[in-house]
Amino acid sequence: MSSYETKFVEADNAEKLTELVQAAEHEGWEFVSSQITMVWVNEPPHREGAPAGHVQKCMLAALRRPMTFGEQSK
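Procedures and definitions
- Residues numbered from 1 in each chain as written.
- Predicted model: local features only at pLDDT ≥ 70, side-chain atom pairs only at ≥ 80, totals over all residues.
- Heavy atoms only, no water.
- Helix = DSSP H or I, 4+ residues; strand = E, 2+ residues; numbered from the N terminus.
- Salt bridge = Lys/Arg side-chain N within 4 Å of Asp/Glu carboxyl O.
- Buried < 20%, exposed > 50% of the residue type's maximum accessible area, 1.4 Å probe, protein only.
- Core = buried A, V, L, I, M, F, W, Y, C linked by side-chain atoms within 4.5 Å.
- Contact = heavy atoms within 4.5 Å.
- pLDDT = per-residue confidence, 0-100.
- Pairing = 2+ DSSP bridges.
- Axes fitted to C-alpha atoms, helices over the stretch in contact; angles between N-to-C directions.

Participant: Describe the environment of Pro 66, and please don't skip the residues or the numbers.
Facilitator: Inspection of the secondary structure puts Pro 66 in strand β3 (residues 53–67). When the C-alpha atoms of Pro 66 and Val 9 are compared, they prove to be 18 Å apart, with 57 residues separating the residues in sequence.

Next comes the structure, spelled out in C-alpha cells:
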C-alpha cells in the first residue's frame, strides 16, 4: 500500500489555478481533483444595514505525491 503526501492550492480563477497545478506537477505532484466553492469573507459593512462581509468564489485543487517508507512530510 502506498502513502501519499497531500497538497491543496487555491485561486480565484481557472487560469491561475491551472498555473499553480502545472507548477506543482512540474515538481512531482499529481493532480487529484478540483472544486469550486463559495467562502464568506469578513469585512466592515460598506453602508449602514449591509452585511459585515461578502461571498467570494474560491477554486481549490488537491494534489498528491507518493512518500517512501519513513519519509517525513515537508
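Participant: Describe the pattern of salt bridges, naming the residues involved and giving the relevant values.
Facilitator: For the coordinates displayed, the defined rule picks out three salt bridges. Glu 5 is the partner of Arg 65 in a salt bridge, and the nearest nitrogen-oxygen pair spans 3.1 Å. Taken together, the residues Arg 65 in strand β3 and Glu 5 in strand β1 (residues 3–11) connect sequence positions 60 residues apart. In this structure, Glu 30 and Arg 64 form a salt bridge, with 3.2 Å as the shortest nitrogen-oxygen distance. A residue pair is termed long-range when its members are at least 10 positions apart, and Glu 30 in strand β2 (residues 30–42) and Arg 64 in strand β3 qualify at 34 residues. Residue class for Glu 30 comes out partly exposed when judged on its relative accessible area of 38%.

Participant: I'd like to hear about the nonpolar core, residue by residue, with values.
Facilitator: Judged by nonpolar contacts, Val 9, Ala 11, Leu 17, Val 21, Ala 24, Trp 29, Met 59, Ala 61 and Leu 63 together constitute the single largest core of nine residues. Mapped by element, the contributors of at least two residues to this core are β1, α1 (14–26) and β3. Setting aside residues no more than four positions away along its own chain, Leu 63 makes contact with Glu 5, Thr 6, Lys 7, Val 9, Val 21, Ala 24, Trp 29, Glu 30, Phe 31 and Val 32.

Participant: How would you sum up the confidence of the model for the chain? Please name residues and give values.
Facilitator: Predicted confidence across the chain gives a mean pLDDT of 89, with 91% of residues reaching 70 or more. Here β3 stands out as the least confident element of the chain, with mean pLDDT 92; α1 is the most confident, with 96.

Participant: So what's going on with the sheet that holds β2? Which residues, and what values?
Facilitator: By definition, the strands of a sheet pair up through backbone hydrogen bonds, in either a parallel or an antiparallel sense. With respect to topology, three strands assemble into an open sheet ordered β1-β3-β2, the strand pairing being antiparallel. Strand pairing shows two members of the sheet lacking a second neighbour, β1 and β2, which therefore form its edges. This sheet shows a mean twist of 25° between the axes of neighbouring strands, independent of strand direction. With 12 bridges joining them, β2 and β3 adopt antiparallel strand pairing. Residue pairing for β3: Ser 34 is matched across the bridge by Ala 61. α1 rests against β1, β2 and β3 of the sheet, and its axis sits at about 150° to β1.

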